[in-house]
Amino acid sequence: AERGRGEQRTTLDGEREGAGERTRLPKHRVRLSKTSVERETTARWPMQVAVRESARDSLREMAAAKPSEASQPCCHRGSEPSHPLRVVSWNIGLRGLATLASSTAASFDAPDVHGISRRQSFGSLAALLAALDADIVCFQEVKLREMERHLALVDGWDSYFSLCRAREPRTSGGRYAGVATFCRTGCRPRLAAEGVTGVLDSSIGHRASLVAESSEEELRQIDSEGRCVITVHADLALLNVYAPANTASDPEESERRRAFKASFLRALELRCRDLAAAGLRVLLIGDMNISPSRLDSAREAELLQAPPPPSASRLWLQALLGPPRPFFADAFRALHPARGGAYSCFHVASGADRHNYGSRIDLALLAPPPLLPSTGQAGSGQAGSGVGGS
């Protein structure tokens, strides 16, 4: 559906489809540190989040860090780190990891009808990771059918993949979706597992709620498309997630995808709650294919009339963000509750990225909600701009 040609439209879940590729180069970097969120105006970078590896460290302490400290590497090396852990998340879209790390593809494509030339390749996996300048890099939509050595192994890094197992026309024979988490060797996780449900890899555990609610066959179906990798760093459980979209035009297929997305989100919530109940902090980061509120959608923000009813996926997310008792905090919105025009997904064929007309569906969610630097109070980061739309 994302490759389709024709008129642009927006689905009930706020997912863009139509002619051309969806751009996933967010125009902002999220850093939970002194500088909070830095908006890039001349370049587009993946979303960045800085967190501490100790439960005792709050965002207030991170805000007090010197600028020179915030910019240095921050890998965990066997003791309490003195610098924040920097995590980058990037949905690399239709290019996939093979193209983005290709040594033969052109670095930039030719300017399109809107005069925009977009990055296509970094020349190698090592160059790609170096350009992102982080300790942990989370990719979504790697689009690999099988593991390829040159796309998994690079000096100084460990990698953890979940690839699509479904071999059917809808998934291009398996070259579909897929997520990968790259960690510097100094930030090597103590545990890692493929999938959100634990049925593919139970090494991390903490999945009692899922087992109690679903059969093994249902859990395998949820994890059949390569949509989650979990790594545990000290007391931080990091979930790299690519949530399903529903862009099918056929009514029957659309209903199947809606049901699949609901099942995936339910499983994701239960796993996060089980991990938190075990005493772990949780960072859920990636492409959620949900815009949390009207403020996170350019299309909805310009509506003068009453917004359409909220989608089931937005209602699900807003329930987790609270109030009255939020389970997650939306990292960006917690620091910038009223900021508009901060989008991460654009319709490329129409040149929407040039005019900053998009939606914010790539998120970093933290549990439990951290203390805010300005108030010292825990904040959910839920915008107060209405709940209509998708």
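Residues numbered from 1 in each chain as written. Predicted model: local features only at pLDDT ≥ 70, side-chain atom pairs only at ≥ 80, totals over all residues. Heavy atoms only, no water.

A.B. asks: Would you explain the sheet that holds strand β14 (residues 281-287) in this entry?
C.D. replies: Strands in a sheet are paired, the pairing made by backbone hydrogen bonds, and the direction either parallel or antiparallel. Sheet architecture is open: six strands sit in the order β11-β12-β13-β14-β18-β15, paired in mixed fashion. What marks the edges here is a single partner per strand, and that holds for β11 (191-194) and β15 (329-330). Of the strand pairs in this sheet, strand β12 (residues 228-233) and strand β13 (residues 236-242) are connected by six bridges, and their pairing is antiparallel. Across the sheet, C228 pairs through a bridge with V241, a residue of β13. (Pairing = 2+ DSSP bridges. Helix = DSSP H or I, 4+ residues; strand = E, 2+ residues; numbered from the N terminus.)

A.B. asks: I keep staring at the pattern of salt bridges and nothing clicks. Help me out?
C.D. replies: Oppositely charged side chains may form a pair once their charged atoms are brought near each other. Taken as a whole and judged by the stated rule, the model has 22 salt bridges. Residue D135 is joined to R184 by a salt bridge in which the shortest nitrogen-to-oxygen separation is 3.8 Å. Of the two residues, D135 is situated in the loop between α4 (125-132) and β8 (136-140) and R184 in strand β10 (residues 179-184); the sequence distance between them amounts to 49 residues. Put simply, E253 and R256 hold a salt bridge, and the shortest N to O gap is 2.7 Å. Linking E253 with R256, this pair stays in helix α7 (residues 251-277), spanning three residues, or about one helical turn. (Salt bridge = Lys/Arg side-chain N within 4 Å of Asp/Glu carboxyl O.)

A.B. asks: Is there a simple way to explain the packing of aromatic side chains in this structure?
C.D. replies: The description of an aromatic ring pair rests on the distance of the ring centres and on the angle between the ring planes. Tallied over the full model, the rule gives five aromatic pairs. With a centroid separation of 5.7 Å and an interplanar angle of 80 degrees, the aromatic rings of F161 and F182 are classed as edge-to-face. With F161 in strand β9 (residues 157-162) and F182 in strand β10, the pair connects residues that are 21 residues apart, well separated along the chain. What makes F161 buried here is its relative accessible area of 13%. Overall, the relative accessible area of 0% leaves F182 in the buried class. Ring geometry for F327 and F328: centres 4.8 Å apart, planes at 75 degrees, overall edge-to-face. Residue classification places F327 among the buried residues on the basis of a relative accessible area of 14%. Taken together, W90, F122, F139, F161 and F182 form an aromatic cluster joined through their ring pairs. The ring centre of Y176 lies 5.6 Å from the NZ or CZ of R170, which sits over that ring. (Phe/Tyr/Trp six-rings, centres within 6.5 Å; stacked < 30°, edge-to-face > 60°. Buried < 20%, exposed > 50% of the residue type's maximum accessible area, 1.4 Å probe, protein only. Lys NZ or Arg CZ within 6 Å of the ring centre and 35° of its normal.)

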